[in-house]
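Notes for the structure review
Chain by chain, the residues run as shown.
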Amino acid sequence: AQSVTQPDIHITVSEGASLELRCNYSYGATPYLFWYVQSPGQGLQLLLKYFSGDTLVQGIKGFEAEFKRSQSSFNLRKPSVHWSDAAEYFCAVGESSRNTPLVFGKGTRLSVIA
Amino acid sequence: EAGVAQSPRYKIIEKRQSVAFWCNPISGHATLYWYQQILGQGPKLLIQFQNNGVVDDSQLPKDRFSAERLKGVDSTLKIQPAKLEDSAVYLCASSRGGFGSSSYEQYFGPGTRLTVT
């Protein structure tokens, strides 16, 4: 069965500092991987996705993520955090072979301080 | 294109009452999902539809939850009777379905926040 682990429940960074949110997945074959962001009272917005090909994927709002098969990881990065990035971030995995529901991690809450 | 629409946005009910949520997916999207997101956790699938047929309802508590997508477009999720532990955000998502990786991309609605007292 698929599973996703986000080891960090809450991270606080200073505005302008770099950010890395960790995500580890468990899946037998090549997964489809996603990062979503959720602001308070809002639905989930897709930041980026990995299906195949280049293991470094670029997303919206200056985010990027790198797929590392050997480490079963798909960490999210941003070189310079803005106060508006404060939100909940979810990593999710889906099966590459068929249209299946996503399995989500428990999320990482990002706080940004001045 | 218009996004996934959900209503109501907020609902407060007492335990043992019933409640219904509505979702209208993106036009042309064949696959529709209902997820439950309990505070502090990631969303978990309740039910998946492909057109008007159920693909996966293994996580749906069928003694109290029901869902339908009669015409293969909009969908309704019902809880009857509600319990305190049903307090959560109910998210609806849709995807194009079919073949090809882009067909798997799921688009989420704003959710309905349910509080059961």
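Higher on the page you've got the structure.
Report follows, based on the coordinates. Just so we're clear, the structure is a prediction, and the values are computed from it rather than from any experiment.

Moving on to the interface of chain A and chain B. The interface is formed by 22 residues belonging to chain A together with 25 residues belonging to chain B. Contact between chain A and chain B buries roughly 1,700 Å² in total, counting both sides, with carbon and sulfur atoms accounting for 54%. Linking chain A to chain B there are 1 salt bridge. In this structure, K49(A) and E105(B) form a salt bridge, with 3.0 Å as the shortest nitrogen-oxygen distance. Here chain A is connected to chain B by 4 residue pairs in polar contact (both at pLDDT 80 or more). Considered class by class, the residues forming the side of chain A that touches chain B number 9 nonpolar, 9 polar and 4 charged.

Let's shift gears to the environment of I11(A). All names here are of chain A. Along the chain, the position of I11 falls in strand β2 (residues 10-14). For I11, a relative accessible area of 16% corresponds to the buried category. Sequence separation between I11 and A86 is 75 residues, and the spatial gap between their C-alpha atoms is 9.8 Å. Leaving out residues up to four positions away in the same chain, I11 has contacts with L19, E20, L21, T108, R109, L110 and S111.

As a further point, take the pairing of strand β9 (residues 88-95) of chain B. Residue and element names in this part refer to chain B. Most of β9 sits out of view: 8 of its 8 residues are buried. Residue alternation in β9 divides its side chains into two sets, A88, Y90, C92 and S94 and V89, L91, A93 and S95, and both sets are buried. Here 7 bridges tie strand β4 (residues 31-37) to β9, and the two strands are oriented antiparallel to one another. Bridged to W34 within β9 is C92. Where β9 meets strand β11 (residues 112-116), 3 bridges bridge the pair, whose relative direction is antiparallel. Each bridged residue has a counterpart across the sheet, and for V89 the counterpart in β11 is R113.

Next up on the list: empty space enclosed by the protein. Residue and element names in this part refer to chain A. Here the structure, examined in full by the defined rule, presents 2 cavities of 30 Å³ or more. Computed from the structure, the largest cavity encloses a volume of approximately 40 Å³. Forming the boundary of the largest cavity are V37, S39, L47, K61, F63, S84, D85, A86, A87 and Y89. Looking at the lining of the largest cavity residue by residue, the class counts come to 6 nonpolar, 2 polar and 2 charged.

This brings us to the pattern of salt bridges. Side chains that differ in charge, positive against negative, can pair when their charged atoms come close. Evaluated as defined, the whole model comprises 7 salt bridges over all chains. Residue K62(B) pairs with D57(B) through a salt bridge whose shortest N-O separation is 3.7 Å. Of the residues examined, D57(B) reaches a relative accessible area of 27% and is grouped as partly exposed. Salt bridges linked by common partners bring E64(A), E66(A) and R77(A) together as one network.

It is worth spelling out the sheet that holds strand β7 (residues 65-68) of chain B at this point. Residue and element names in this part refer to chain B. The sheet built from 4 strands is open, its strands ordered β1-β3-β8-β7 with antiparallel pairing. Of all the strands in the sheet, the pair left with one neighbour each is β1 (5-7) and β7. Across the sheet, the axes of successive neighbouring strands diverge by a mean angle of 15°, strand direction being ignored. Strand direction decides the pairing type here: β1 and strand β3 (residues 19-24), joined by 3 bridges, are antiparallel. Along β3, the bridge assignment pairs A5 with N24.

Definitions and cut-offs
Residues numbered from 1 in each chain as written. Chains lettered and ligands numbered in written order. Predicted model: local features only at pLDDT ≥ 70, side-chain atom pairs only at ≥ 80, totals over all residues. Heavy atoms only, no water. Contact = heavy atoms within 4.5 Å. Buried area = accessible area lost by both parts, 1.4 Å probe. Salt bridge = Lys/Arg side-chain N within 4 Å of Asp/Glu carboxyl O. Polar contact = N/O pair within 3.5 Å; in protein donor to acceptor, adjacent residues only side chain to side chain. Nonpolar A, V, L, I, M, F, W, Y, C, P; charged D, E, K, R; others polar. Helix = DSSP H or I, 4+ residues; strand = E, 2+ residues; numbered from the N terminus. Buried < 20%, exposed > 50% of the residue type's maximum accessible area, 1.4 Å probe, protein only. Pairing = 2+ DSSP bridges. 1 Å grid on protein atoms, 1.4 Å probe; cavity = no way out; pocket = protein on both sides within 12 Å on 5 of 7 lines; lining within 4 Å. Points joined across faces, edges and corners; volume = space filled by probe spheres on them. Axes fitted to C-alpha atoms, helices over the stretch in contact; angles between N-to-C directions.

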